[in-house]
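Chain by chain, the residues run as shown.
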Protein chains: 2
Amino acid sequence: MATWEAKGAAKRQALLEAIPAQWRLPHIPSPKEQPNVTGDYIRQFLTPEEISATEPSAEEILVNTMSGKWKATTVVKAFSHRAALAHQLTNCLHEIFFDDGIKQAEELDAYLAKHGKPKGPLHGLPVSLKDSLNVKGYDTTTGIVGLIGRPAEQDSELIKHLRSLGAVLYCKTSVPQASFAAETENHIIGYTLLAQNRLLSSGGSSGGEGPLLALRGSVVGIGSDIGGSIRHPAALNGLYGLKPSFRRLPIRGVTRVMEGQDQVPFSLGPLSSSASGLTLIVKSVLQQQPWLTDPRVVEIPWRDNIYQDYLNATKGGKQLTFGVMRDDRFVRPQPPVNRGVDILVKKIQGLGHKVIEWNPPSHSEAMKLSLATWAFDGSADVFSQLGLSGEPIVPSVADIFGNEPRKPYTAEQIAETNISIWKYREKYADYWNSNPVDAVIAPTYPHAGIIPGKLRYGYTFYGNILDYSVGVIPVTTADKSVDVKVQSYEALNERDNLVSTEYDPELQHGAPIGISIYGRRFEDEKILGILEALGSSNVGTTAPSGPPSHL
Amino acid sequence: MATWEAKGAAKRQALLEAIPAQWRLPHIPSPKEQPNVTGDYIRQFLTPEEISATEPSAEEILVNTMSGKWKATTVVKAFSHRAALAHQLTNCLHEIFFDDGIKQAEELDAYLAKHGKPKGPLHGLPVSLKDSLNVKGYDTTTGIVGLIGRPAEQDSELIKHLRSLGAVLYCKTSVPQASFAAETENHIIGYTLLAQNRLLSSGGSSGGEGPLLALRGSVVGIGSDIGGSIRHPAALNGLYGLKPSFRRLPIRGVTRVMEGQDQVPFSLGPLSSSASGLTLIVKSVLQQQPWLTDPRVVEIPWRDNIYQDYLNATKGGKQLTFGVMRDDRFVRPQPPVNRGVDILVKKIQGLGHKVIEWNPPSHSEAMKLSLATWAFDGSADVFSQLGLSGEPIVPSVADIFGNEPRKPYTAEQIAETNISIWKYREKYADYWNSNPVDAVIAPTYPHAGIIPGKLRYGYTFYGNILDYSVGVIPVTTADKSVDVKVQSYEALNERDNLVSTEYDPELQHGAPIGISIYGRRFEDEKILGILEALGSSNVGTTAPSGPPSHL
């Protein structure tokens, strides 16, 4: 019987061997030697044709693949090469099936040749997938050693839709152990690094999507979010991201821990280098009427009028009112994040909109409620999964689940928690009704880049507890010359919960800062319209050569 | 310290005293003496004007109150009188606030006089309310003695909307102890009787709405349904009813046991003497954008196109396909129910539609899942409520919760149950996709009238577990001359769960039979369109003098 170390190492090796020999890097520089591997660094390993195929936006790629100007096969090969490089530099993949992607692309090319029209609205677009999604024939380890070697028997529901829509699937991206932390570390691929600064973490739990997209090994990927897992890597890696409301995109057949915990809703959603890339996915999947095959999904079709109204209004067509929630009163944002909020506020004001200070019910209450629901089973499920191989829990996951199983909640405590969640939602709705705004601007995370092992949670939990639609927009990058360390924090209201985060201007220099914009439940079209209007300067340009700064 | 018996008796007496002296009946006949108190029996106590004001459909009443032809005051006084009579004959009320209703009506009359237009789409329409809804200043006992004398501090959210829409509120209707059984019995008002045959039960848990509406003490009422509590009394009392999907109408601020049990969704919905009465309520409440104030409600506005399409198609505009699910393989329907299904099937076929046999995943599994979720807390909440006064549990409620607290579920068992619910929903969606139909016809309950103490559960549970939209349409009445007792039942597939129900053709003669028509989740507009088309012969006529038979 192999040890968990040996099993993890074997899987890690098998993954490297799934990369064609000619795409393997002879030398992988250390993070210190080469912190930033984006832009020209990764381009040196690519042909001009590969660069041209991988750097436009998802929409631009589609214009070419849908018309047949570019072969889907050419596109997926270029992305596969780039994904192979990204993985070697950042440990961002869990599964590689480049050959399947090429086969799928060949079928699409044949389809277009035969029928004279594309298979669907995503014809030939490569889409990367968080490991939690099941792809038939491949493992879904979710970072658990004991789940290696158990290939999925069928595709997740969303995967079926993506295939019908013409998307090309070629890889699955890395996640934390049990896919449940904001640092992506497990005993299979190790630790996933930030492509812009490999001394830092790529975040999590959709942590592999971050560097893969930042390095243009993908142009749009699917993540999942139960406490910030889409928004966090989007913000840290300089990407756009959307955590839609639960019940919008299908989650049937996705692998997760604590599956019967339904109180904090978990969503699948897109991350992309452009806002339009997010819209593309949500709009296309909703065309499939996903509510018919996944009973979790609500029968709300894509509402193009809401999307168009907010797209036009945000650009200046009509005055909107935004709230700004600068601090969650739990963890204070680091200086670059505060600056990011200011930049976004000014940008929005500059477009003629009103921005008001927003002091909603305590966001630390949302965090406590999230943590409570995750403690219902006393970590039994997580430790049972770890027990399959005997692997120890990694520190960032232990931060949530402890170092050993705990006392589970009683039925009565579970019911009380559920009641508290509804009360919190009611209180928040009342606040919103009394302080009407179109959307709210807030930090996504306290961090400007996570120093490994120094992660602090905060900010994102409201999104799931309230089940709101939350988008992330890349705004700036940490800059040691302006974002100076503040030696002392002023006290906040909720002193007992207040923690500060260590900030190292030198180490965190260049880390991308993404800011959140949130609407109420199911306001996904609104948020996408706003994101796209605000980020439009990025639409249609090639990938940034360094950390993106779109505003 | 008064005993629970004394407290219940005092509240019962106070309720009678809230009825103006001139409306009190000098003699209340025994059920045996006068089984059927509908039609001419109740009319003998009313003036011709009162009869004219209370017997048209909700829509017809509105035409007159909205235009000012009828004063809202006149209408609510007539309904109050009739409700007072109904209560004395069937024990159908828990709270009486006729004076408040008259005051509200006076304000509406003044509004119309001043502004020349009605206050809202329900201007002047009296609406009765299940006791579970909170009306500021009045008790919400939900049939629990220990909750007497604790007036609600604020209105339930739906009540606020009804007031804004112009509806007049004048009484709350009886429910079983803890509002959780299909027989309406508690230690406050006693036992609620079927108006058409007072030797039988009115069903439950929205059990007071049944005889109140059948006796035209109301024309439309609001019930709630977590396992059949709207559908069951609608079917038994010859009424139309709709259990909308959870998250369609607001339930914020409604009193219930096991509040933190969110796994089986509970809905508020209308019961009425006409299908159009149901539509009126759902459509009007959705105009209020109830999702803004109740975070449980999904942002799906009233979709008139779906409603119109199905209204027209059902009338013969387009061929539809209906499934028919004759037996839930758990409890066999009594002969009049089987005949009711046949009548409805023939009616639908006669309109040119296709009817196919429907064999979905086991409905007894839905029942097991419902019962499991209601056992999560080991009946702790119910027994804690009973303990407030020391009252014993009534037998029909003990059928569900036991005679004493039981072992609660562990967190792990709760999670497993939640997973099973989702699997069941997935399985059912798959069946529906493979056997596409527009809607399904099924018995609502096994019974044609419930002989007190001989209730058997069955049939309705799928509606909540799947969260489907289910309508009830009155079809026929039990007829001892044709519905003969079948001495032996054929065995069904799931033998171990099979129970039969006692049927007494003589005793149950004349009991109304309502059949269910169900669509998928959120298909409320579709179901309302179908119900209205099928029941249109009833629209606009006066109340039936005996048990209704619309088809």
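Quantities reported herein were computed from a predicted structural model and do not represent experimental measurements. (Residues numbered from 1 in each chain as written. Chains lettered and ligands numbered in written order. Predicted model: local features only at pLDDT ≥ 70, side-chain atom pairs only at ≥ 80, totals over all residues. Heavy atoms only, no water.)

A. Spatial organisation of the nonpolar core. Within the largest apolar cluster, 153 residues are counted, with the highest numbers of intra-cluster contacts made by Leu125(B), Val127(B), Leu162(B), Ile441(B), Ile517(B) and Tyr518(B). With 9 residues, the top contributor of residues to this core is helix α5 (residues 72-90) of chain B. Those residues within four positions of Ile441(B) in sequence are excluded, and the remaining contacts are Phe322(B), Gly323(B), Val324(B), Met325(B), Val341(B), Leu344(B), Val345(B), Ile348(B), Val355(B), Ile515(B) and Ser516(B). If you look at the next biggest cluster of nonpolar residues, it comprises 150 residues, including Val254(A), Val355(A), Tyr459(A) and Phe461(A). (Core = buried A, V, L, I, M, F, W, Y, C linked by side-chain atoms within 4.5 Å. Buried < 20%, exposed > 50% of the residue type's maximum accessible area, 1.4 Å probe, protein only. Helix = DSSP H or I, 4+ residues; strand = E, 2+ residues; numbered from the N terminus. Contact = heavy atoms within 4.5 Å.)

B. Looking closely at the relation of the copies chain A and chain B. Superposition of chain A onto chain B requires a rotation of 180° combined with a translation of 0.0 Å along the rotation axis, giving an RMSD of 0.0 Å. Taken together, the rotation and translation describe the operation of a two-fold axis. An overlap of 100% is found between the interface residues of chain A and their copies at the interface of chain B, pointing to a shared contact surface. (Least-squares fit on C-alpha atoms with pLDDT ≥ 70 in both.)

C. Quick peek at the side chain of Thr460(B). All names here are of chain B. When you line up the elements, threonine 460 lands in the loop between β13 (439-443) and α17 (461-465). The class for threonine 460 is buried, based on a relative accessible area of 2%. Every residue in contact with threonine 460, bar those within four places of it in the chain, is listed here: Gly227, Gly228, Arg231, Thr444 and Tyr445.

D. View of the interface of chain A and chain B. Counting from both sides, the interface comprises 35 residues of chain A and, opposite them, 35 residues of chain B. Taking both sides of the interface into account, the surface hidden between chain A and chain B amounts to around 3,200 Å²; carbon and sulfur atoms contribute 48%. Of all residues in chain A, Glu299(A), Trp422(A) and Arg521(A) give up the largest surface area on contact with chain B, accounting jointly for 20% of the area buried on that side. Taken together, chain A and chain B are joined by 8 salt bridges. (Buried area = accessible area lost by both parts, 1.4 Å probe. Salt bridge = Lys/Arg side-chain N within 4 Å of Asp/Glu carboxyl O.)

E. Geometry of empty space enclosed by the protein. Applying the stated rule across the entire model yields 12 cavities of 30 Å³ or more. A volume near 570 Å³ is recorded for the largest cavity. If you go around the largest cavity, you meet 31 residues; those closest to its centre are Phe246(A), Arg247(A), Arg247(B), Trp422(B) and Arg425(B). When residues of the lining of the largest cavity are traced back to their parent elements, those giving at least two are α16 (411-434) of chain A together with α16 (411-434) of chain B. Ranked by the residues each element gives to the lining of the largest cavity, the list is headed by α16(B), at 5 residues. For the lining of the largest cavity, the class distribution of residues is 16 nonpolar, 4 polar and 11 charged. (1 Å grid on protein atoms, 1.4 Å probe; cavity = no way out; pocket = protein on both sides within 12 Å on 5 of 7 lines; lining within 4 Å. Points joined across faces, edges and corners; volume = space filled by probe spheres on them. Nonpolar A, V, L, I, M, F, W, Y, C, P; charged D, E, K, R; others polar.)

Distances and angles like these do not, on their own, reveal function.
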